Amino acid sequence: MSGTGARTADSKIFFREFLRSPLVTASAIPSSRQLAEQMIAPIPEHGDPVVVELGPGTGAFTRAIQRRLAGRGRHIAIELNPRLAGVLAERFPEVEVLIGDACTIPELLAERGLSADVVISGLPWAAYQGPLIPAIAEAMAPTGTFTQFTYVWTRWAAPSRRQLAGLRGAFEEVVLSRTIWQNVPPALVYVSRRPRTA
Ligand SMILES: C[S@@+](CC[C@H](N)C(=O)[O-])C[C@H]1O[C@@H](n2cnc3c(N)ncnc32)[C@H](O)[C@@H]1O
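Calculation rules
The residue numbers shown here count from 1 along each chain, following its written sequence. Residues qualify for local features only when their pLDDT is at least 70, as the model is predicted, and side-chain atom pairs are given and counted only at 80 or more; totals for whole chains, interfaces and linings, by contrast, use all residues. Side-chain measures were taken over the full set of non-hydrogen atoms in the model, leaving aside hydrogen atoms and water. For helices, the fitted axis covers only the stretch in contact; all axes are lines through C-alpha atoms, and the angles between them, taken along N-to-C directions, range from 0 to 180 degrees. Under the scheme used here, helices are H or I runs from DSSP no shorter than 4 residues and strands are E runs no shorter than 2 residues, and both carry numbers assigned from the N terminus. Between 65 and 115 degrees an angle is taken as roughly perpendicular, under 35 as roughly parallel, over 145 as roughly antiparallel, and anywhere else as oblique. By definition, any crossing whose near helix is turned counterclockwise from its far helix by less than a right angle is left-handed, and any crossing with a clockwise turn is right-handed. For this analysis, residues touch if any pair of their heavy atoms sits within 4.5 Å. Classes in brief: Ala, Val, Leu, Ile, Met, Phe, Trp, Tyr, Cys and Pro nonpolar; Asp, Glu, Lys and Arg charged; the others, Gly included, polar. Every helix has an expected span of 1.5 Å times one less than the residues it contains. Exposure categories follow from relative accessible area, calculated using a 1.4 Å probe and restricted to protein chains: below 20% of the type maximum is buried, above 50% is exposed, and the middle band is partly exposed. Each C-beta atom gives one direction from the helix axis, and the arc is the one those directions make. What we call a nonpolar core is a set of buried Ala, Val, Leu, Ile, Met, Phe, Trp, Tyr and Cys residues that are connected through their side-chain atoms within 4.5 Å. Strand pairing is assigned whenever DSSP identifies at least 2 bridges connecting the two strands. Take a side-chain nitrogen of Lys or Arg and a carboxyl oxygen of Asp or Glu: if they are within 4 Å of each other, that pair is a salt bridge.

- The name that an unreviewed UniProt entry assigns to the protein chain is Phospholipid N-methyltransferase, with the source organism given as Kutzneria viridogrisea.

And the structure:
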């Protein structure tokens, strides 16, 4: 399938899942290639990093992560929706796709004797209602980096401000990327480095 054909197919799958479960899917279309590039920027270009992707959906970030890793390290993707996890596992056989809740990341990594060098999250606000941020921090290496995007127009809403405060509490450094205007809707990335729990 061509790049455009794959994107159209992804959009249809994504929209169907959005209609089934709008709060969990949280977006009617997948993220753009430009946002994906910003999200995966912290993946080191050398070595064998452990990259964990949360809420991969149809794989907008998965594809970019795989391209950057080019066979190095480990790529584990945790997706709550079993239908989307099935699509992802079929499309990306090199990725370890786990069906589950992102907040179980410490157990899922501990079972495998791993800690994450980079965590890349496409999770919606709804996933952040529980103790998700401390769980992510706990699963990370001391020098790890966590990326999460947010939409520009909703950045000042209470759940978004709570999320940023949570990140600042759990990580030594949180920086905001430039705005990715090509994304629909425009988005920016919170880049959180060095978990405090480490
Ligand atoms: C906004 S979509 C992002 C998908 C993709 N990363 C992108 O940017 O196009 C959110 C994804 O997170 C998944 N999700 C929501 N809550 C989750 C949770 N608690 N644990 C794991 N995945 C979750 C949804 O099923 C959906 O695939």
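**Digging into the packing of helix α3 (residues 33-40) against helix α4 (residues 60-69)**
- Look at α3 against α4: their axes get within 9 Å of each other, and the N-to-C directions meet at 55°. On the basis of the axis angle, α3 is oblique to α4. Crossing geometry of α3 relative to α4 is assigned as right-handed. Two secondary-structure elements touch here, α3 through Leu35, Ala36, Glu37, Met39 and Ile40 and α4 through Ala60, Phe61, Ala64, Ile65, Arg67 and Arg68.
- Across the contact of α3 with α4, the residue classes tally to eight nonpolar, no polar and three charged.

**Brief notes about helix α8 (residues 158-170)**
- With 13 residues, α8 extends 18 Å from end C-alpha to end C-alpha; this agrees with the ideal 18 Å at 1.5 Å per step.
- Within α8 the residues assigned to the buried category are Ser160, Gln163, Leu164, Leu167 and Ala170. Down the axis of α8, the buried set is contained in an arc of 135°. They therefore lie on one face.
- Contact partners of the buried residues in α8: α7 (132-138), β5 (140-151), β6 (171-176) and β7 (187-195).

**Focus: the nonpolar core**
- Among the nonpolar cores identified, the biggest contains 30 residues, and Val52, Leu54, Ile105, Val119 and Phe171 are the most heavily contacted of them.
- If you tally residues by element for this core, the top one is α7, at five residues.
- Residues in contact with Phe171, not counting those within four places in the same chain, are Ile133, Ala137, Met140, Phe146, Ser192, Arg193, Arg194, Pro195 and Arg196.

**Some words on α3**
- Of the residues making up α3, those classed as buried are Leu35, Ala36, Gln38, Met39 and Ile40.
- As for α3, its buried residues are in contact with α4, β4 (116-121), β5 and β7.

**Quick notes on the environment of Glu45**
- Tracing the chain through its elements places Glu45 in the loop between α3 and β1 (50-54).
- Owing to a relative accessible area of 57%, Glu45 belongs among the exposed residues under this scheme.
- Residues Glu45 and Arg72, 27 residues apart in the sequence, show an inter-C-alpha distance of 9.4 Å.
- The contact partners of Glu45, leaving out residues within four places of it in the chain, are Arg68 and Arg72.

**Describing the sheet that holds β4**
- With mixed pairing, seven strands are arranged side by side in an open sheet as β3-β2-β1-β4-β5-β7-β6. The open sheet has two free edges, formed respectively by β3 (96-99) and β6, since each of these has just one partner strand. Here the average twist between neighbouring strands, direction ignored, is 20°.
- Bridge analysis of β4 against β5 gives five bridges, and the strand direction is parallel. The residue of β5 that forms the bridge with Ile120 is Thr147.
- Across the face of the sheet, helix α5 (residues 82-91) comes into contact with β2 (74-79) and β3 while running at roughly 170° to β3.

**Topic: the pattern of salt bridges**
- As enumerated under the stated definition, the model contains six salt bridges in all.
- One salt bridge connects Arg68 with Glu45, and the closest N-O pair in it is separated by 4.0 Å. Of this pair, Arg68 sits in helix α4 while Glu45 sits in the loop between α3 and β1, placing them 23 residues apart in sequence.

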